[in-house]
Amino acid sequence: MQCDDSRILIHGYLDHELEPDEATTLGEHLAACDECRRLYDRQHVVSTAVKKHAAECFPVPETLAASIFAALPAEKPARGGQRSPWPWFSLGAALTGAVLLTWSLTYFLLVPSQDDQFADQAISSHLRSLLVDHLTDVASSDPTTVRGWFKGKLNFAPPIKDLSPLGFGLAGGRLDYMYSCEVAAVIYRRGSTVINLFIWPAENQQDAAPRRLSDEGFSIVLWTEAGFNFCSITKQDEQELMKFVTAYRQEAG
Amino acid sequence: MKLFGERLTEAEQVRRFKILVIPHLSAAYRLARWLIRDGDDARDLVQEAYLSAFKAFTGFHGEDGKAWILTIVRHACYRWLQRHRRRPSAEAFDETLHSLDEAGLLRADAPDHDPEAWLLQEENQRLVQQALDKLPPEFKEIIILRELEGCAYSEIAEIVAIPAGTVMSRLARARALLRKYLVELR
């Protein structure tokens, strides 16, 4: 192989774009040619430096994601005849004017189409948190810190569990919204998997065993326990999410 | 799940868009920001591009919207560059012209063209950004797409609308010019 050719092929080699036999030939040339090998090393450093120094330059502005979400057509239209469009809202706390986010398992069973709308809310919140580098408002692996952070910000105290012995690291917490109601978002990680766990109060509701909402691209599992509603979501990884849910429910609060 | 060919409702299109296209918003913004440089303009441009992308979305049938949305955003950037800079629209990018000394670029770098490990230190972040910034758009974008967005050569070919065979040689030239600027700016 001539150096003229090698000087171009080096880039394919660096980027893992060469065919196996091309790569082998180039590898042999690099082993024998000091100049070309130096060029390869040099370019390797430069590529690494560009990735390192240029990657974080321009984080997406929050307003951009929000404005795009807002400009997309609305989700399915509200069901006619009800005061509130979503079955999840109980206007029981009319005295305080607060709208509580609740759900009824029986409603779920009767009207499965509500699943899609709920899934949309969960997916939107999950995506937003990943997009704008705004995964956590409080970044900490200590449940006490995260609990303390939520205090005073929400009118309920979400249970924060330490799942590190089971492999799921607590990344932190965040205030988020579903159906315009405040929910606690607790973030867990395992490897490259990010799990958002949304928590909000379940007033006067029975416990409900975990159930999956199917959706292309995302895994979502919901359950109700000990006075709280839980919605866990991650990018398509059904098994991993079920492991997480099992771990979470087994761990004492 | 609906089969291909069945018409999707608008709500289903919105969900599909959120899954296939929205996740690439960061990449789209980064590309626009590097090409047109102004933050506010980049934000407006990307927002408009995303909304027109949604209007055209029924025509998209791929598995992944990354190359598709980046192509749209890139076109918008070049239209913006034509409107806001003195670059005449008739001037096509000439690889050899914009490579300055073509033969020189692809020769072995001069002995002092040796970035070495100092380049990776924190304080050289500014230097790397400046050198990248100096590149003409066609070189800058191919480096951004490869190094920052991790695009495969086939994706780059699609986004930048060049034959797959020319990606590697253009990248070689772009990287050579970047190495040159890195040493000059030090």
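The structure contained in this document is the topic of the report that follows. Everything numeric here is computed off the predicted structure, so don't read it as measured data.

**Quick word on the overall build of chain B**
For chain B, the count of helices and strands is 10 helices and 0 strands. In chain B, the order of α-helices and β-strands from amino to carboxyl end is α-α-α-α-α-α-α-α-α-α. Residues classed as buried in chain B amount to 55% of the 186 residues present. Here the analysis covers contacts within chain B between residues at least 6 apart in sequence; of these, 72% occur between residues at least 24 apart. Accessible area for chain B stands at about 8900 Å²; split by element, carbon and sulfur atoms hold 50% of it.

**Some points on the interface of chain A and chain B**
Each partner contributes residues to the interface: chain A has 48 residues there, and chain B has 54 residues. Of the roughly 4800 Å² buried between chain A and chain B on both sides combined, carbon and sulfur atoms contribute 69%. Together, Arg42, His53 and Phe58 of chain A form the three largest contributors to the area buried by chain A at its contact with chain B, with a combined 16%. The salt bridge partner of Lys51 of chain A is Glu147 of chain B, with a shortest N-O separation of 3.2 Å. Our count for the chain A to chain B interface comes out at 14 residue pairs in polar contact (both at pLDDT 80 or more). At the level of elements, α1 (3–14), α3 (34–54), α4 (62–71) and α6 (114–131) of chain A are the ones that each hand at least two residues to the side of chain A that touches chain B. Considering each element in turn, the side of chain A that touches chain B owes the most residues, 14 residues, to α3 of chain A. Along the lines of polarity and charge, the residues of the side of chain A that touches chain B split into 26 nonpolar, 9 polar and 13 charged.

**Details of the pairing of strand β8 (residues 218–225) of chain A**
Each regular strand displays side chains that alternate between the two surfaces of the sheet. All names here are of chain A. For β8, a buried count of 7 out of 8 residues is recorded, marking the element as mostly surrounded by other parts of the structure. Across 6 bridges, strand β7 (residues 208–215) lies against β8 in antiparallel orientation. Note that in β8 the partner of Arg211 across the bridge is Leu222. Linkage of β7 to β8, two consecutive antiparallel strands, is achieved through a turn of 2 residues, within which Gly217 is found at a positive phi near 95 degrees. Pairing between β8 and strand β9 (residues 228–235): 8 bridges, direction antiparallel. Directly across from Trp223, in β9, lies its bridge partner Phe230.

**What about the nonpolar core?**
Judged by nonpolar contacts, the single largest core of 128 residues is most densely connected at Tyr188 and Phe244 of chain A together with Phe17 and Tyr50 of chain B. At 10 residues, the largest contribution of residues to this core is made by helix α4 (residues 66–84) of chain B. Residues within four places of Tyr50 of chain B in sequence aside, it is in contact with Ile68 of chain A together with Phe17, Val21, Ile22, His24, Leu25, Ala28 and Ile69 of chain B.

**Digging into helix α8 (residues 238–250) of chain A**
Residues and elements named next belong to chain A. For α8, spanning 13 residues, the distance from its first C-alpha to its last is 18 Å, which sits close to the expected 18 Å at 1.5 Å a residue. Within α8 the residues assigned to the buried category are Glu240, Leu241, Phe244, Val245, Ala247 and Tyr248. For α8, the angular spread of the buried residues around the axis is 165 degrees, confining them to a single face. Among the exposed residues of α8, those pointing more than 90 degrees away from its buried face are Gln239 and Gln250.

**Quick word on the side chain of Ser125 of chain A**
Residues and elements named next belong to chain A. Turning to its location among the elements, Ser125 is positioned in helix α6. Judged by its relative accessible area of 1%, Ser125 falls in the buried class. Filtering out sequence-adjacent residues up to four positions away, Ser125 remains in contact with Arg174, Asp176, Tyr177, Met178 and Phe198.

**Observations concerning the state of the cysteines**
Taken as a whole and judged by the stated rule, the model has 0 disulfides over all chains. As a non-bridged cysteine, Cys33 of chain A has Cys36 of chain A as the owner of its nearest cysteine sulfur, 3.7 Å distant.

**Thoughts on the pairing of strand β4 (residues 169–178) of chain A**
All names here are of chain A. By the criterion of burial, β4 is predominantly enclosed, with 7 of the 10 residues buried. With 2 bridges connecting them, strand β3 (residues 138–139) and β4 associate as antiparallel partners. Its bridge partner lying in β4, Ala139 is registered against Gly172. Pairing analysis gives 9 bridges linking β4 to strand β5 (residues 181–190), with the strands arranged antiparallel. Among the inter-strand pairings, Gly169 is bridged to a residue of β5, identified as Arg189.

Reading the values: the criteria
Residues numbered from 1 in each chain as written. Chains lettered and ligands numbered in written order. Predicted model: local features only at pLDDT ≥ 70, side-chain atom pairs only at ≥ 80, totals over all residues. Heavy atoms only, no water. Helix = DSSP H or I, 4+ residues; strand = E, 2+ residues; numbered from the N terminus. Buried < 20%, exposed > 50% of the residue type's maximum accessible area, 1.4 Å probe, protein only. Contact = heavy atoms within 4.5 Å. Areas by Shrake-Rupley, 256 points an atom, 1.4 Å probe, with all protein chains shown as cover. Buried area = accessible area lost by both parts, 1.4 Å probe. Salt bridge = Lys/Arg side-chain N within 4 Å of Asp/Glu carboxyl O. Polar contact = N/O pair within 3.5 Å; in protein donor to acceptor, adjacent residues only side chain to side chain. Nonpolar A, V, L, I, M, F, W, Y, C, P; charged D, E, K, R; others polar. Pairing = 2+ DSSP bridges. Core = buried A, V, L, I, M, F, W, Y, C linked by side-chain atoms within 4.5 Å. Expected span 1.5 Å × (residues − 1). Arc of directions from axis to C-beta. Disulfide = S-S within 2.5 Å.

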